[in-house]
Amino acid sequence: MLQRAQTIFMAVVAICMGVVSSTTIWSKASANTNERVILNAITMDQIKTTGTESISSIFILIFAIIAGLIAIYSISQFKNRKLQMLLGAVNSMFIAIVMGVIFYYIFKKGMPAFDPDVEGRYELGFYAGGAALLANMIANRFIRRDENLVRSADRMR
């Protein structure tokens, strides 16, 4: 049924993946110069005194959209709990890929850009990815609990 707790958590996953896709994920600014690095789901912009250099980070956007669409599709599959559990596991993989790509861009591209001692700031998009991973895990737990409840009711018959 659509009013189950897992539906709410899967909707949170879809919303969080939308937030990852549309907001800033990480930023870093130098105190001495006017250099900045801004990571979002489409590009990593390195703003220097000589100009702006953009590195494509489109993989974050692609995998975030896929994870959001899987969560939305999983909501509509409330009658088939086994498929929902499979979709939840696949979605966990896609969200983990999103977080892995984000970490790659932060630590391999963003941190060494200038002033390696300055760590930068994690923005809303980063925390939304973590929240999506957590919400997906909780939704999978509720789906598994419902499946176990149905199985125990079948044994009583």
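Cut-offs used in this document
Note that residues are indexed from 1 along each chain, following the sequence as it is written. Residue-level local features of this predicted model are given only where pLDDT is at least 70; pairs of side-chain atoms are given and counted only at 80 or more, and the full residue set underlies all totals for whole chains, interfaces and linings. Note that water and hydrogens are dropped before the side-chain values are worked out from all heavy atoms of the structure. When DSSP finds two or more bridges between a pair of strands, those strands are recorded as paired. Numbered from the N terminus, helices here are DSSP runs of H or I no shorter than four residues, and strands are runs of E no shorter than two. We call two residues in contact when some of their heavy atoms are within 4.5 Å. Convention adopted: a line fitted to C-alpha atoms gives each axis, helices being fitted over their contacting stretch, and angles between N-to-C directions are expressed from 0 to 180 degrees. Any carboxyl oxygen of Asp or Glu within 4 Å of a side-chain nitrogen of Lys or Arg constitutes a salt bridge here. Working definition: with a 1.4 Å probe on protein chains only, accessible area under 20% of the residue-type maximum means buried, over 50% means exposed, and in between means partly exposed. Definition of nonpolar core: a set of buried residues of the types Ala, Val, Leu, Ile, Met, Phe, Trp, Tyr and Cys, connected through side-chain atoms within 4.5 Å.

Draft legend 1. Broad picture of the sheet that holds strand β4 (residues 52-56). Ordered in space as β4-β3-β2-β1-β5, the 5 strands form an open sheet in which the pairing is antiparallel. Edge positions in the sheet fall to β4 and β5 (121-122), since each has one partner strand and no second. In terms of strand pairing, strand β1 (residues 26-29) meets β5 through 2 bridges, oriented antiparallel. By the bridge assignment, Trp26 is partnered in β5 with Tyr122. The sheet contacts of helix α3 (residues 81-110) involve β1, β2 (36-39), β3 (43-47), β4 and β5, and relative to β3 the element is tilted by about 25°.

Draft legend 2. Spotlight on the pattern of salt bridges. All chains considered together, the criterion is met by 4 salt bridges. In this structure, the salt-bridge partner of Glu147 is Lys82, at a minimum N-O distance of 3.8 Å. Separated by 65 residues along the polypeptide, Glu147 in helix α4 (residues 124-156) and Lys82 in helix α3 bring together distant segments of the chain. The class of Glu147 is buried, set by a relative accessible area of 9%. Taking the shortest distance from any N to any O, the salt bridge between Arg121 and Glu123 comes out at 2.9 Å. For Arg121, a relative accessible area of 54% gives the class exposed.

Draft legend 3. Molecular detail of the environment of Phe103. Looking at the secondary structure, you find Phe103 in helix α3. Taking relative accessible area as the criterion, Phe103 reaches 34% and is therefore assigned partly exposed. Measuring from C-alpha to C-alpha, the distance between Phe103 and Leu86 comes to 26 Å, with 17 residues separating the pair along the chain. If sequence neighbours within four positions are ignored, Phe103 has contacts with Lys108 and Phe126.

Draft legend 4. How the structure looks around the pairing of β4. Here β3 runs beside β4; their pairing, made up of 5 bridges, is antiparallel. Bridging from a neighbouring strand, Asp45 pairs with Ser54 of β4.

Draft legend 5. Fine view of the nonpolar core. Judged by nonpolar contacts, the single largest core of 33 residues is most densely connected at Val20, Ile25, Trp26, Leu39, Ile60 and Ile102. Those elements that place two or more of their residues in this core are α1 (5-22), β2, α2 (58-76), α3 and α4. Setting aside residues no more than four positions away along its own chain, Val20 makes contact with Ile25, Ala41, Ile60, Ala64, Val98, Ile102, Gly125, Ala128 and Gly129.

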